[in-house]
Amino acid sequence: MDESQKLPLFHESGIYHFNDSNAVFIDPVRVLNRSYNRFTVSPSTYYPRFFQTLTPNPVPITVSSSPTKRKRKKPKRTPKEPPPLNDRELIALQRHQELRPLLLKAHECLLKSNELLDAIRTLRSGSDSYCLKEECEGGEQCFVELGWQSPDLVVTLNVRLCDTDNDSHDRTQNNLEDFSDSPSVQCCEQRILPAFNNLVVNDTEDDAVAEIMNNRYIMPQESCFYMSDLGQIRNLIPAHTDCGFNLIMVDPPWENASAYQKSRYPTLPNRYFLSLPIKQLTHTEGALVALWVTNREKLRSFVEKELFAAWGVSYAASFHWLKVKANGSWISDLDLFHHRPYESLILGYSPGKVKNSDDHSKFKPVKEDRVIMSIPGDYSRKPPIADLLQEYVPGVKPPRCIELFAREIMAGWVAWGNEPLHFQDSRYFVKK
Ligand code: SAM
C-alpha cells in the first residue's frame with residue numbers, strides 16, 4: 001500500500017495496515033462509527049482506561065517524611081521462590097513462548113510507525129461537546145436484573161422510515177434534533193415491542209432510538225437484538241437453514257477468579273457452552289465461527305478437545321488481540337504469567353447443509369496468527385474485528401452475522417445476550 005495513503009485510510013476506516021506484516025492496529029471508535037448516520041461513538045466514553053499515563057517513564061512522586069516521625073526499619077525478607085509450574089502451566093508457558101516472537105514483531109511495527117503513534121495519542125480527544133446523556137434522567141440499566149424482575153417490560157423503538165428530501169436536507173445542515181421531538185422529520189414511527197425474549201428489529205437504513213424506562217439506546221441501521229437468558233437462545237434458530245448465519249461471533253462469560261469480573265456480569269460453567277446451538281444457527285453454505293478465549297490453559301484445552309467437537313466446528317486458525325496503551329506500550333508486562341497483555345480469537349468452520357459440506361476444503365484457509373493491536377475499552381469489551389474476517393466468511397454476500405453474548409450491536413448484525421443494549425446506551429454516544 002502507498003505509504004502516504006495509510007494514515008488517511010486509518011482515519012476513514014479505523015484500521016491501519018503495516019507493510020510486510022500480518023499485524024494491524026484498530027481504533028474501535030472509528031470502526032464502530034461507520035455503523036451510524038446521525039450519532040457517533042464518544043471516544044472519551046469508549047476509552048475510559050489507558051490514557052492516563054502518556055509519559056513513557058512517569059517520575060515517581062517523593063513525599064518528604066516529617067522530621068519527627070521516623071519509620072521503623074522493616075526486617076529484610078528473603079524473596080520467596082515461586083512455586084514450580086504444574087503441567088497445565090507448563091503447556092501455557094510453551095504456548096506463550098511460541099507466540100512471543102510474533103507479538104514482539106507486531107509491536108515493533110507499531111513502535112516504528114511515528115505517524116500512527118502520533119494519531120493514537122489523540123484517539124480519545126473528539127467532540128464530546130453534546131453528549132446525549134444530558135437529555136436522559138435514568139441511570140445505567142442492569143438488564144440482567146431487569147430481565148428477572150420485569151420480563152414484560154416494553155421497548156419503544158423510534159424509527160425513521162424513508163429517506164425523504166427533507167431528511168437529506170436535515171443531514172447536510174447537521175440537524176441535532178432526535179426522533180421523538182423533531183418537527184422537521186416527517187416519517188417517524190414508534191413501535192412498542194416486548195423488550196425481552198423478542199427479536200427487536202431496526203429494518204431501516206438509519207439509526208433508530210430505543211427507549212426503555214427512562215433510558216435511550218441507539219440502534220445502528222439494519223440491526224436486531226434479542227435480549228434473553230441462555231435458556232431462550234433456541235428461539236433464534238431459523239426455520240430454514242438458508243436463513244442461518246455465515247459469521248457467528250461468540251464471547252462467552254467464561255468463569256474467572258477475578259472478583260472484578262464477577263461484579264461486571266454473571267459467568268457460566270464451561271458445560272453450558274457445549275449446548276449452544278451453533279450447528280442449527282449455521283447457514284446452509286456454512287459459517288465462520290469466531291470464539292474469544294482467555295489465556296487459561298484449562299479453557300484452551302476445553303475448546304480444542306471438547307467445545308469445537310460438540311459444535312461440529314473444525315479449527316481454522318487463531319488471531320491474537322494485543323492490548324496497548326496510548327503511548328504504544330503493552331498494558332502489562334508481556335511475560336507476566338497471569339496477566340498477559342493479549343487474548344486470542346479462535347476461528348473455525350461450521351459446515352452447512354449443502355452436499356459435501358463436511359469437506360472442509362471448500363472453505364478458504366485462514367492465515368494463522370494475525371495480530372490485532374488496539375487500546376482496550378471498558379472491561380472485557382472486544383474490538384470490532386469483523387472487517388478482518390470478511391474474506392473468510394463463506395456463503396451469501398453480504399453475509400448474515402450474529403454475535404452471541406453480545407453487549408453491543410453492529411450494523412447488519414443480530415446481537416443476542418442478556419444485555420445486548422449495554423454499550424448502546426446513549427451515554428456512549430454523541431450527536432453528529
Ligand atoms: N463481547 C462482549 C463485549 O465485547 O463487550 C463481552 C461479552 S461478556 C464476555 C459475556 C456476556 O455474557 C455478558 O454480557 C454477560 O452478562 C452475558 N451472560 C452471562 N450469562 C448469561 C446467560 N445465562 N445468558 C445470556 N447472556 C449471559
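Up top is the structure these notes are about.
Now for a quick tour of the structure. Note that the structure is predicted; figures quoted are calculated from it, not measured.

## Describing the nonpolar core
Grouped together as the largest cluster of nonpolar side chains are 67 residues, with contacts concentrated most on Phe 25, Ile 375 and Leu 389. Judged by nonpolar contacts, the second largest core, of 30 residues, contains Phe 273, Leu 276, Phe 302 and Trp 416.

## Observations concerning the site of the ligand
Neighbouring the ligand are 19 residues; Asp 229, Asp 251, Arg 407, Asn 418 and Glu 419 lie closest to it. In the environment of the ligand, an oxygen atom lies 2.8 Å from a nitrogen or oxygen atom belonging to the side chain of Arg 407. Separating an oxygen atom of the ligand from a side-chain N or O atom of Glu 419 is a distance of 2.6 Å. Considered on its own, the ligand offers 600 Å² of accessible surface; in the complex 97% of this is hidden by protein.

## Some details on the side chain of Lys 382
Relative to the assigned elements, Lys 382 resides in the loop between β14 (370-374) and α12 (386-389). Take Lys 382: its relative accessible area is 11%, and that puts it in the buried class. A polar side-chain atom of Lys 382 sits 2.8 Å from a polar atom in the side chain of Asp 251. A polar contact of 3.0 Å, which involves the side chain of Lys 382, links it to the backbone oxygen of Ser 380.

## Looking at the pattern of salt bridges
The tally for this structure, following the rule as stated, stands at 16 salt bridges. Residue Asp 27 is joined to Arg 30 by a salt bridge in which the shortest nitrogen-to-oxygen separation is 2.8 Å. In this structure, Glu 189 and Arg 191 form a salt bridge, with 2.7 Å as the shortest nitrogen-oxygen distance. Exposure remark for Glu 189: the relative accessible area of 31% places this residue in the partly exposed category.

## A closer look at the sheet that holds strand β16 (residues 413-417)
The strand order β1-β2-β14-β12-β13-β11-β10-β15-β16-β9-β6 describes an open sheet built from eleven strands, whose pairing is mixed. With one partner strand each, in any of the chains shown, β1 (15-17) and β6 (199-202) form the two edges of the open sheet. Strand-to-strand, the axes of this sheet are offset by a mean angle of 20 degrees, without reference to chain direction. Relative to strand β11 (residues 287-293), strand β10 (residues 247-250) is paired through four bridges, and the arrangement is parallel. Looking across to β11, one finds that Met 249 is bridged to Ala 290. Packing of helix α1 (residues 3-13) onto the sheet brings it into contact with β1 and β2 (24-26), and relative to β1 it is tilted by some 155 degrees. Where helix α11 (residues 297-311) meets the sheet, it contacts β10, β11, β12 (314-323) and β13 (342-350), and its direction lies at approximately 150 degrees from that of β11.

## Digging into the pairing of strand β8 (residues 215-219)
β8 sits mainly inside the fold: five of its five residues count as buried. Of the two faces of β8, the one lined by Asn 215, Tyr 217 and Met 219 and the one lined by Arg 216 and Ile 218 are each fully buried. Summarising the sheet, strand β7 (residues 208-212) and β8 pair through five bridges and their orientation is antiparallel. Residue Val 209 lies in a different strand from β8, and its bridge partner there is Ile 218. Hairpin connection, β7 to β8: the antiparallel pair is bridged by two residues, and Met 213 has positive phi, about 50 degrees.

## Quick word on the sheet that holds strand β5 (residues 188-194)
With antiparallel pairing, four strands are arranged side by side in an open sheet as β5-β4-β7-β8. Every other strand in the sheet has two partners, leaving β5 and β8 as the edge strands with one partner each. Across the sheet, the mean angle from the axis of one strand to that of its neighbour is 25 degrees, orientation sign disregarded.

## A closer look at the packing of aromatic side chains
For the structure shown, the criterion picks out 15 aromatic pairs. On the numbers, 5.1 Å between centres and 80 degrees between planes, the contact of Trp 254 with Phe 273 is edge-to-face. Here the residue Trp 254 occupies a position in the loop between β10 and α8 (259-264), and Phe 273 occupies one in helix α9 (residues 271-274), the gap between them amounting to 19 residues. Residue Trp 254 shares its accessibility class with Phe 273, and that shared class is buried. With 5.9 Å between their ring centres and 70 degrees between their planes, Trp 292 and Trp 321 make a pair best called edge-to-face. With a gap of 29 residues between them, Trp 292 in strand β11 and Trp 321 in strand β12 connect regions that are remote in the sequence. For Trp 321, a relative accessible area of 4% gives the class buried.

## A closer look at α1
The α-helix advances 3.6 residues per turn, and as a result positions three or four apart in sequence lie on the same side. Within α1 the residues assigned to the buried category are Lys 6, Leu 7, Phe 10 and Ser 13. One side of α1 holds all its buried residues, which, seen down the axis, span an arc of 145 degrees. In this structure, the buried residues of α1 make contact with β1, β2, α2 (28-33) and α5 (114-121). Count one or two residues on from α1 and you reach Gly 14, which has phi positive near 90 degrees.

Conventions we followed
- Residues numbered from 1 in each chain as written.
- Predicted model: local features only at pLDDT ≥ 70, side-chain atom pairs only at ≥ 80, totals over all residues.
- Heavy atoms only, no water.
- Core = buried A, V, L, I, M, F, W, Y, C linked by side-chain atoms within 4.5 Å.
- Buried < 20%, exposed > 50% of the residue type's maximum accessible area, 1.4 Å probe, protein only.
- Near = heavy atom within 4 Å.
- Polar contact = N/O pair within 3.5 Å; in protein donor to acceptor, adjacent residues only side chain to side chain.
- Areas by Shrake-Rupley, 256 points an atom, 1.4 Å probe, with all protein chains shown as cover.
- Helix = DSSP H or I, 4+ residues; strand = E, 2+ residues; numbered from the N terminus.
- Salt bridge = Lys/Arg side-chain N within 4 Å of Asp/Glu carboxyl O.
- Pairing = 2+ DSSP bridges.
- Axes fitted to C-alpha atoms, helices over the stretch in contact; angles between N-to-C directions.
- Contact = heavy atoms within 4.5 Å.
- Phe/Tyr/Trp six-rings, centres within 6.5 Å; stacked < 30°, edge-to-face > 60°.
- Arc of directions from axis to C-beta.

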